[in-house]
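Notes for the structure review
Here's the letter readout for the chains.
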Amino acid sequence: MDAAVTVTDLVVHRGARRVLHEVGCTVPPGRVTGLLGPSGSGKSTLMRAIVGVQQVRSGSVTVLGRPAGSAELRSRVGYVTQAPSVYADLTVRENVRYFAALYGRGAAAADAAIADVGLADAAGQLVEDLSGGQRGRASLACALVGEPELLVLDEPTVGLDPVLRVELWSRFHALADAGTTLVVSSHVMDEAGRCDRLLLLREGRLLSDSTPAELRSRTGTDDLEEAFLTLVRRTEEVPA
Amino acid sequence: MTTALSPRLTTATAGRVLRQLGHDHRTVAMLLVLPSALLGLLYLVYADVPTPPGQADAFDRIGLTMLGILPFVVMFLVTSIAMLRERTSGTLERLLTTPLSRPDLLLGYGAAFGLAATAQALVTVAVATTGYGLDVAGAVVLVVLIAVVTAVLGVALGLLASAFARSEFQAVQFMPVIVLPQFFLCGLLVPRDQLPDWLQAVSDLLPMTYAVDALQEVGSSTTATGTMWIDIGVVAGAALLALGLAAATLRRRTN
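Residues numbered from 1 in each chain as written. Chains lettered and ligands numbered in written order. Predicted model: local features only at pLDDT ≥ 70, side-chain atom pairs only at ≥ 80, totals over all residues. Heavy atoms only, no water.

1. Let's talk about the pairing of strand 10 (residues 205-210) of chain A
All names here are of chain A. With five bridges connecting them, strand 9 (residues 197-202) and strand 10 associate as antiparallel partners. Within the sheet, the bridge partner assigned to Leu200 lies in strand 10 and is Ser208. Hairpin geometry of strand 9 and strand 10 is characterised by an intervening segment of two residues between the two adjacent antiparallel strands and by a positive phi of about 50 degrees at Glu203. (Pairing = 2+ DSSP bridges. Helix = DSSP H or I, 4+ residues; strand = E, 2+ residues; numbered from the N terminus.)

Here is the structure:
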């Protein structure tokens, strides 16, 4: 099957600084692909390039067979930024219904998306009165409501309690089982094991593109945190 | 975002902006009451000033002009802050990844604040003509129309200005930059034919000049004049131009 996302030799500059160095990777369709790496490694920049809002210096990003950011992709790709990007002065329901309208869906779809993220009881509350974790889920509902083929989620589990985090991850897998492609970033390595495929980024370079099992056997450790460190050490021993 | 217009998405966006406004009761109250209150103060300032024979009543002249200037200023400020919030909250970036086009977004804002401006103009004009005895020779409904078109110009310039503001501090300071020169040169303080030639030429290029001229036409003529319609057309055209420029300066890909 064709890759849902193909990134080729992607170079991104921010000001004078190069934040992505000729990154190349693929994202398989209908799977959860984790984008892992420490803060500042370029995860968000890569995600912004995939959804087509990042200025790129060179290289290409192809999403669902089209150049990233094409008009035709905007109803097929959902994007949830790291900071919850919803209207704080609207209720959860008003927020999700607005995004539902943008994707051509009705009020019923909006209510279903709110229930999906576990906010049915808070649907009538203003977003500014919600906790940080609830805001993040409201933001997620605004993307789910469009039923996108590709869902790009930037650190969706930050600040969530462990129970909710597990719930969200099983939701991600349920979406993938139904055919949705997910790209999920995280800076916590214990989430890496929950992904079908792992992209490891560090300082704007791709360290690894593999399954968690491949990564474990390649580095000879069961601990993915340790595996990441091993990869870092190997790349530093052999200067490019 | 595409550039194709969708009335459905424009309406959804206007509805969303109005809902945001609706949750902010104090802002709604201020939008509706503030211009009337300020005009009331102006009415009291001129209450004891004698009108020289053969001249128009000073409050009639200045108050009428204010019916255009006040909504322009208020809508400019409200819109530029609203759009800046859209930018800083990340919702703008998110909208740019949805099927909503840039003109849809800006027209949605224009329609929502245009509606708010209509409510404001109805209240202000009603209070001014009944409460403060503002005399208008022409139809009061034309005063409302001019006030609304001028307010929409304020909305459009506010959307455009917000593209150049990186912070609220900057956005607020665009207000005097955009508003005061237009106010100084519009013919209210000094009749335009008494301005130095070059300043008169500058004032010919400023849309507020035409809004004020249209109001003065309604103030002095019992029937709608052709000059007034041309003035309104110029103000509306300037608003559309500003909206177009705002759409063009809205970048989808940023750094």
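2. Concerning the packing of helix 6 (residues 140-162) of chain B against helix 10 (residues 226-249) of chain B
Residue and element names in this part refer to chain B. Where helix 6 contacts helix 10, the two axes come as close as 8 Å, and the packing angle between them is 20 degrees. One way to sum up the angle between helix 6 and helix 10 is to call them roughly parallel. The interaxial crossing formed by helix 6 with helix 10 has left-handed handedness. Residue-level inspection shows Leu142, Leu145, Ile146, Val149, Thr150, Val152, Leu153, Ala156, Leu157, Leu159 and Leu160 of helix 6 in contact with helix 10, the latter providing Met228, Trp229, Ile232, Val235, Ala236, Ala238, Ala239, Ala242, Leu243, Leu245, Ala246 and Thr249. Class assignment of the residues belonging to the contact of helix 6 with helix 10 gives a composition of 21 nonpolar, two polar and no charged. (Axes fitted to C-alpha atoms, helices over the stretch in contact; angles between N-to-C directions. Parallel < 35°, antiparallel > 145°, perpendicular 65-115°, else oblique. Left-handed = near helix turned anticlockwise from the far one by under 90°. Contact = heavy atoms within 4.5 Å. Nonpolar A, V, L, I, M, F, W, Y, C, P; charged D, E, K, R; others polar.)

3. Describing the side chain of Gln182 of chain B
Residues and elements named next belong to chain B. Inspection of the secondary structure puts Gln182 in helix 7 (residues 168-185). Engagement of the side chain of Gln182 in a polar contact is seen with the backbone nitrogen of Met208, the distance being 3.0 Å. If sequence neighbours within four positions are ignored, Gln182 has contacts with Phe72, Leu157, Leu206, Pro207 and Met208. (Polar contact = N/O pair within 3.5 Å; in protein donor to acceptor, adjacent residues only side chain to side chain.)

4. Here we look at the pattern of salt bridges
Residue and element names in this part refer to chain A. Tallied over the full model, the rule gives 15 salt bridges over all chains. Across the pair Arg202 and Glu203 runs a salt bridge, and its minimum N-O distance is 3.9 Å. A relative accessible area of 53% means that Glu203 is categorised as exposed. Where salt bridges share partners, they join Arg66, Glu72, Arg76 and Glu149 into one cluster. (Salt bridge = Lys/Arg side-chain N within 4 Å of Asp/Glu carboxyl O. Buried < 20%, exposed > 50% of the residue type's maximum accessible area, 1.4 Å probe, protein only.)

5. Quick word on the sheet that holds strand 4 (residues 58-63) of chain A
Through backbone hydrogen bonds, the strands of a sheet pair up, either in parallel or in antiparallel fashion. All names here are of chain A. Across the sheet, four strands lie side by side as 2-1-4-5; this open sheet has antiparallel pairing. The sheet terminates laterally at strand 2 (17-27) and strand 5 (66-67), the two strands that pair on one side only. As paired strands, strand 1 (residues 5-14) and strand 4 are joined by five bridges and run antiparallel to one another. When the sheet's bridge partners are listed, Thr8 is paired in strand 4 with Ser60. Here helix 1 (residues 43-51) sits on the sheet in contact with strand 1, strand 2 and strand 4, set at roughly 120 degrees to strand 1.

6. Points about unusual backbone geometry
Residues and elements named next belong to chain A. Although it is not a glycine, Asp9 adopts a positive phi angle of roughly 45 degrees. With respect to the helices, strands and loops of the structure, Asp9 is situated in strand 1. On the basis of relative accessible area, Asp9 is assigned to the partly exposed category, the value being 45%. For Glu22, which is not glycine, the phi torsion reads 40 degrees and is therefore positive. On the secondary structure map, Glu22 appears in strand 2. The exposure class assigned to Glu22 is exposed, which follows from its relative accessible area of 55%.

7. Considerations on the state of the cysteines
Here a disulfide denotes one covalent bond, and it connects the sulfur atoms of two cysteines. Evaluation of the coordinates by the stated rule reveals zero disulfides over all chains. Note on Cys195 of chain A: no disulfide assigned, nearest cysteine sulfur contributed by Cys25 of chain A at a separation of 14 Å. (Disulfide = S-S within 2.5 Å.)

8. Overview of the sheet that holds strand 3 (residues 32-36) of chain A
All names here are of chain A. One open sheet accounts for six strands, arranged 6-7-8-3-9-10; its pairing is mixed. This sheet does not close on itself; its edge strands, each paired only once, are strand 6 (77-80) and strand 10. Taken pair by pair, the neighbouring strands of this sheet meet at an average axis angle of 15 degrees, ignoring direction. Judged from the five bridges that link them, strand 3 and strand 8 (residues 181-186) form a sheet pairing that is parallel. When the sheet's bridge partners are listed, Val32 is paired in strand 8 with Leu182.

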